[in-house]
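Reading the structure
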Amino acid sequence: MAAATAAAGVASAVLVGHDGSLSWQIARVMGVAVLTTAAVVAAGRLGDRTCGHLAAAVGVIALAVGAGFVPYLVKGGPSIVAAAGV
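Calculation rules
- Residues numbered from 1 in each chain as written.
- Predicted model: local features only at pLDDT ≥ 70, side-chain atom pairs only at ≥ 80, totals over all residues.
- Heavy atoms only, no water.
- Helix = DSSP H or I, 4+ residues; strand = E, 2+ residues; numbered from the N terminus.
- Buried < 20%, exposed > 50% of the residue type's maximum accessible area, 1.4 Å probe, protein only.
- Contact = heavy atoms within 4.5 Å.
- Areas by Shrake-Rupley, 256 points an atom, 1.4 Å probe, with all protein chains shown as cover.
- 1 Å grid on protein atoms, 1.4 Å probe; cavity = no way out; pocket = protein on both sides within 12 Å on 5 of 7 lines; lining within 4 Å.
- Points joined across faces, edges and corners; volume = space filled by probe spheres on them.
- Nonpolar A, V, L, I, M, F, W, Y, C, P; charged D, E, K, R; others polar.
- Axes fitted to C-alpha atoms, helices over the stretch in contact; angles between N-to-C directions.
- Parallel < 35°, antiparallel > 145°, perpendicular 65-115°, else oblique.
- Expected span 1.5 Å × (residues − 1).
- Arc of directions from axis to C-beta.

A word on the overall build of the chain. Secondary structure summary: the chain contains 5 helices and 0 strands in total. When the elements of the chain are put in sequence order from the N terminus, they spell out α-α-α-α-α. For the chain, with 86 residues in total, the buried portion stands at 21%. A separation of at least 24 residues holds for 45% of the contacts in the chain among residues at least 6 apart in sequence. Surface summary for the chain: the accessible area is close to 5,600 Å², and the carbon and sulfur share equals 73%.

Encoded structure:
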């Protein structure tokens with residue numbers, strides 16, 4: 001669970017830090033890092049049932065965000081944003 005959450009967090013950080021001004025990129029990446037760290041820590045402390053609920057919530061969010069970036073793969077070909085979206 002922790003590895004999958006961390007992988008989703010890294011991919012999300014790549015996606016949110018791709019565009020915009022430097023200050024906003026840093027703010028968005030830091031926000032994702034904080035939320036990812038909180039999810040990984042929570043997964044280690046929660047029971048099996050609650051950890052499953054957390055995994056489902058993180059998975060749904062990561063899938064929705066990743067699916068939103070799939071057009072980058074189709075439109076622009078292979079890139080770091082397309083790889084993170086997949």
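After that view, the rundown keeps rolling.
Its volume calculated, the largest pocket comes out at about 350 Å³. Along its surface, the largest pocket is lined by 16 residues, and Ser12, Leu35, Thr36, Val58 and Ile61 are the ones closest to its centre. Going through the elements one at a time, helix H1 (2-16), helix H2 (22-45) and helix H3 (48-68) are the ones with two or more residues in the lining of the largest pocket. Ranked by residues supplied to the lining of the largest pocket, first place goes to H3 with 6 residues. When the residues that make up the lining of the largest pocket are grouped by side-chain class, the tally is 11 nonpolar, 5 polar and no charged.

Let us look at the packing of H1 against H2. Across the interface, H1 lies against H2 with an axial gap of 9 Å and an inter-helix angle of 170 degrees. By the angle between their directions, the pair H1 and H2 is classed as roughly antiparallel. Residues Ala2, Thr5, Ala6, Gly9, Ser12, Ala13 and Val16 of H1 touch H2, and the partners they reach there are Arg28, Val29, Val32, Thr36, Ala39 and Val40.

The terminal C-alpha atoms of H1, which comprises 15 residues, lie 21 Å apart, in line with the 21 Å expected from a rise of 1.5 Å per residue. All buried positions along H1 are accounted for by Thr5, Ala8, Gly9, Ala13 and Leu15. In an axial view of H1, the angular spread of the buried residues amounts to 160 degrees, which keeps them on one side of the axis. Those residues of H1 that are exposed and aimed more than 90 degrees away from the buried face are Ala3, Ala4 and Val10.

On to the side chain of Thr5. Along the chain, Thr5 falls in helix H1. If near-sequence neighbours (up to four positions away) are discounted, Thr5 is found in contact with Thr36, Ala39, Val40 and Val58.

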